[in-house]
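As a plain string of letters, each chain reads:
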Amino acid sequence: MEIISLHCLLISDCLKGGNMRKAEIWVSLAFIFLGVIVIVDSIRLGFMWGSAGPASGFFPFYLGVGVVISSLFVFSKAFAKYKKEGAGKPLMPPGAIRPILWVLIPSASMIVITEFVGLHIAAALFLAFYMRVVGKIGWATTLLVGIISPLSLYIVFDKLFLIPLPQGLWGAYLLRF
Amino acid sequence: MLENISNLMVGLAVVFQPYNLMIIVVGLILGIIVGVLPGLGGANGVAILIPVVVTMPPTAGIILLSMIYWGALYGGSITSILFNIPGEPWAVAATFDGYPMAKGGRPGKALVLSFLAHGVGAIFGCIVLTFFSPILAEFALKFGPAEVFAVMMLTFSAFVGLGGKSPLKTVVAILFGFILAAVGMDIVSGQLRMTYGTVVLMGGFNFIVAVIGLFGLGEIFLTVEEGLKVEGISTRIGLKDIWEGVKDVSRNPKALITGTLVGVWMGFKPGGATPASFMAYGFTKQSSPQAAEFGKGVSAGIIAPEAAAHGAGTSAMIPMITLGIPGSPTMAVIMGGLMIFGLQPGPMLFKENVDFVWGLIASTWMGNIIGFFVVLAFAPIFASVLKVRFAIFMPLIIYVCAIGAYAVNNRMIDVYYMLLFGVLGYFFKKLDYPIAPMVLALVLGDMAESAMRQALIIGHGSPIVFFTLPLALPLMVAALIIFFWPVIAPVKAKLFGKKA
């Protein structure tokens, strides 16, 4: 019964920005799950006394047990509160999910694009996109910052400090100096 | 005493080398900029620079890292006071009275008060650092694995029992940090742990990457969520402001002393600058005859939290260099820097790397003194950094974070982890899971585990070993009392409450 009602908490509300107590419940469940998989692996490794003192799984085993127990407390508190007082205030202020996604998705894309063209070129694209499309900043500034900053960071890191940054699949062909 | 002073002189000789002096000034300026920009804080500012620092000589490298921290401590307050935007969490308390005073027409004076308080807190922290750390290091030489583990227990108990937020969530955060630290190869047996057959997890989680994600991206998400509006108060600091600032500080000795003492104490025990500043503000307000005026721009309300923040910042160095236990996330990252250079923080550092330790302590003196004059002279210029549109510097911060995360181990996967930690940091903040103890657990995980395993081997498998050794016993008892304080306190109040 409780499990079913829990299930209904999910998806629909998450898209609207979710709310505090439901998020509380889900996060505590995630921690319980994490604790359980840690315990499982610790048992595989052995969590008792091994041939040379405590076995590999000894420390993680108790960490897992600790996470499960404390998260159960957090869960039951949050669930009781949810039953009694309802969903509570929203997790994000209304309308906040958009600007967050506008940061998250482009930066995630930057990382994926890095795999192909290297970090500096990907960052140049990311900078230009964010400044122009999201920030509505003028073309002149966008181009200036979008070109000068990756170029100077490339020179500082790759050339001066000799710290090689990811080149991706084709970055080495694109940046040849 | 005299020995410490002569050691300090040796350290100053290191610091006065032209290269190191240049590093100090560059580090401070970078640090102040890091402090001013929201989303780029002390901890991840230091973390991003670690790959660069590795190419330098150890002393210069660590000086650079610590300068970022001192600069960020000074710089965080500038925007708190002028724009009501704390550049750093420890500068939040500075907005309570700093911004009203600035808005009321005295921005210059508010800044001077803040910097003076910072300076005094810093100097007091330096004095304690200089004279107390050698004693503590000498004492810590007697520590075996059981004692080391007990000290760590005490550290984490302090977060749970005195942290103020939900103790249960603090426990979860700490254990989560330890679990992340345990992923990968077990250093004792060589077995792979919690990798679940994947290659990706074999390398484990690097805490520097975690710091960059949690404190860098996580903060940025929070900042965009709130929307950043800069309503600037323009200012310059005139001689009159400085004169009145000095007068006001001398008129509020109580706020200054409370702030400094609270700060140094809070820095020494884990917690760091942020809770110290809030605590000092609270204490000063409570004991002040003009408590009702707080929040409207009284001098004492600026002096106390600012002195506390910087006192905590400098004294946080004490447990880091003497015990190898950082009191705050920023110190943890600096400690990470030390370890990359092969310098194991802890009591042996005072025996084996005398030049380095005293160079670092001397640089703390110099950095905080020079930093005071730098912010005093250039505060308005640093404040104008925030006039750059958020849409320009925010993607730049993410870009620089990605560079830092990648360069730690030259692994692409770390950049993905950084993003994940960013999202995690955002939810942790939202749901009140504390980030600082989690980061410390991730840093200290391996050390805590091996200390515990060694201690258990010494004790033939019995945990009694932690309670029979004369040095470990008081530490463990203290740790347990503090850990269960949230449970003990209400009981105690019930038993003795009516008498008090």
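Thresholds applied
Residues numbered from 1 in each chain as written. Chains lettered and ligands numbered in written order. Predicted model: local features only at pLDDT ≥ 70, side-chain atom pairs only at ≥ 80, totals over all residues. Helix = DSSP H or I, 4+ residues; strand = E, 2+ residues; numbered from the N terminus. Buried ≥ 20, exposed ≤ 12 C-beta atoms within 10 Å, placed from the backbone. Contact = placed C-beta atoms within 7 Å. Rg over C-alpha atoms; globule rule 2.2 N^0.38 Å. Core = buried A, V, L, I, M, F, W, Y, C linked by C-beta atoms within 7 Å. Domains from an automatic or database assignment. Nonpolar A, V, L, I, M, F, W, Y, C, P; charged D, E, K, R; others polar. Axes fitted to C-alpha atoms, helices over the stretch in contact; angles between N-to-C directions. Left-handed = near helix turned anticlockwise from the far one by under 90°. Expected span 1.5 Å × (residues − 1). Arc of directions from axis to C-beta. Parallel < 35°, antiparallel > 145°, perpendicular 65-115°, else oblique. pLDDT = per-residue confidence, 0-100.

*Asks:* Teacher, can you tell me more about the overall build of chain A here?
*Replies:* Looking only at helices and strands, chain A features eight helices and two strands. The order of α-helices and β-strands along chain A, N terminus first, is α-α-α-β-β-α-α-α-α-α. Residues classed as buried in chain A amount to 33% of the 177 residues present. Of the contacts formed within chain A by residues at least 6 apart in sequence, a portion of 62% connects residues at least 24 apart.

*Asks:* How should the overall build of chain B be read in this particular structure?
*Replies:* Regarding its fold elements, chain B presents 23 helices and two strands. Here the C-alpha atoms of chain B give a radius of gyration of 22 Å, agreeing with the 23 Å that 2.2 N^0.38 yields for 500 residues. Viewed in the frame of its principal axes, chain B has a C-alpha envelope of about 70 × 60 × 50 Å. Evaluated residue by residue, chain B yields a buried proportion of 62% over its 500 residues. The long-range fraction of contacts in chain B, counting pairs at least 24 apart against all pairs at least 6 apart in sequence, stands at 79%.

*Asks:* I would appreciate a short explanation of the nonpolar core in the present structure.
*Replies:* One recurring pattern in soluble globular proteins is that nonpolar side chains are buried together. Counting 230 residues, the largest nonpolar core has Phe149, Ala150, Val211, Ala402, Met418 and Val439 of chain B as its most contacted members. Ranked by the residues each element gives to this core, the list is headed by helix α4 (residues 58-83) of chain B, at 16 residues. Lining this core are residues from two domains, each supplying at least three of them: domain 1 (2-85) and domain 2 (97-174) of chain A.

*Asks:* I would appreciate a short explanation of the interface of chain B and chain A in the present structure.
*Replies:* Bring the parts together and some accessible area is lost; that lost area is often taken as the interface size. Contacts between the two partners involve 45 residues from chain B, matched on the other side by 48 residues from chain A. Of all the secondary structure elements, the ones that give two or more residues to the side of chain B that touches chain A are α3 (42-53), α8 (167-182), α9 (207-226), α18 (390-409), α19 (413-430) and α20 (435-458) of chain B. No other element matches α18 of chain B, which puts 10 residues into the side of chain B that touches chain A. Among the residues making up the side of chain B that touches chain A, the classes are represented as 33 nonpolar, four polar and eight charged.

*Asks:* Help me out: how do you make sense of the environment of Arg132 of chain A in this one?
*Replies:* All names here are of chain A. Here Arg132 lies in helix α6 (residues 119-134). Look at Arg132 and you get partly exposed, because 17 C-beta atoms sit within 10 Å. Considering only alpha carbons, one finds Arg132 and Phe75, 57 residues apart in sequence, at a separation of 44 Å. The contacts of Arg132, once residues within four sequence positions are left out, are Ile137 and Thr142.

*Asks:* What am I meant to see in the packing of helix α5 (residues 97-117) of chain A against α9 of chain B here?
*Replies:* For any two helices packed against each other, the geometry comes down to the angle between their axes and how far apart the axes lie. Interhelical geometry of α5 of chain A versus α9 of chain B gives an angle of 145° and a closest axis separation of 8 Å. For α5 of chain A against α9 of chain B, the interelement crossing comes out right-handed. Residues Pro99, Ile100 and Val103 of chain A of α5 of chain A form the contact with α9 of chain B, whose own contacting residues are Ile220, Phe221, Val224 and Glu225 of chain B. Classifying every residue of the contact of α5 of chain A with α9 of chain B gives six nonpolar, no polar and one charged.

*Asks:* Looking at this structure, how should I read unusual backbone geometry?
*Replies:* Apart from glycine, the bulk of residues carry a negative phi angle, and the bulk of peptide bonds sit in the trans form. If you check the backbone angles, Leu162 of chain A has positive phi at about 55° while not being a glycine. Note on placement: Leu162 of chain A falls in the loop between α7 (139-160) and α8 (171-174). Here Leu162 of chain A falls in the exposed class, since 8 other C-beta atoms lie within 10 Å of it. A positive phi is found at Met194 of chain B, a non-glycine position, where the angle reads about 50°. Mapped onto the elements, Met194 of chain B comes out in the loop between β2 (192-193) and α9.

*Asks:* Any chance you could explain helix α22 (residues 472-483) of chain B here in plain terms?
*Replies:* Turn by turn, an α-helix covers 3.6 residues, leaving residues three or four places apart pointing in a common direction. Residue and element names in this part refer to chain B. The terminal C-alpha atoms of α22 lie 16 Å apart, and with 12 residues this matches the ideal 16 Å at 1.5 Å per residue to within 8%. The complete set of buried residues in α22 reads Ala472, Leu475, Met476, Ala479, Ile482 and Phe483. What you see down the axis of α22 is that its buried residues fit within an arc of 130°, all on one side. Among the exposed residues of α22, those pointing more than 90 degrees away from its buried face are Pro474 and Ile481. Summarising the contacts, the buried residues of α22 are in contact with α7 (145-162), α21 (465-468) and α23 (485-496).

*Asks:* Please explain the packing of α4 of chain B against helix α6 (residues 107-140) of chain B as it appears in this structure.
*Replies:* Residue and element names in this part refer to chain B. Between α4 and α6, the shortest axis-to-axis distance is 10 Å and the interhelical angle comes to 155°. When the axes of α4 and α6 are compared, the pair comes out roughly antiparallel. Seen from above, α4 lies across α6 with right-handed handedness. Contacts between α4 and α6 pair Leu73, Tyr74, Ser77, Ile78, Ile81 and Leu82 from the former with Pro107, Ala110, Leu111, Ser114, Phe115 and His118 from the latter.

*Asks:* Honestly, the confidence of the model for chain B in this entry has me stumped. Any pointers?
*Replies:* Any region with low pLDDT has predicted coordinates that should not be read closely. On average, residues of chain B score 86 in pLDDT, and 97% of them are at 70 or above. The ipTM for the predicted assembly is 0.87, set against a pTM of 0.85.

*Asks:* Where do I start with the confidence of the model for chain A in this structure?
*Replies:* Residue and element names in this part refer to chain A. For chain A, mean pLDDT is 82; residues scoring 70 or higher make up 88% of the total. When pLDDT is averaged over each helix and strand of chain A, the minimum, 44, is found for helix α1 (residues 2-9) and the maximum, 91, for α6. Within the model, pLDDT remains below 50 along residues 1-15, and this stretch shows six contacts once partners closer than five positions in the same chain are excluded.

*Asks:* Teacher, can you tell me more about the environment of Gly342 of chain B here?
*Replies:* Counting through the fold element by element, Gly342 of chain B comes out in the loop between α15 (329-340) and α16 (348-352). On the neighbour-count criterion, Gly342 of chain B (8 C-beta atoms within 10 Å) is exposed.

*Asks:* Would you mind showing me how to read the environment of Leu349 of chain B here?
*Replies:* Residue and element names in this part refer to chain B. The residue Leu349 is located in helix α16 in this model. Sequence separation between Leu349 and Thr322 is 27 residues; the distance between their C-alpha atoms is 7.6 Å. Setting aside anything within four residues of it in sequence, one finds Leu349 in contact with Ile321, Leu343, Gln344 and Val357.

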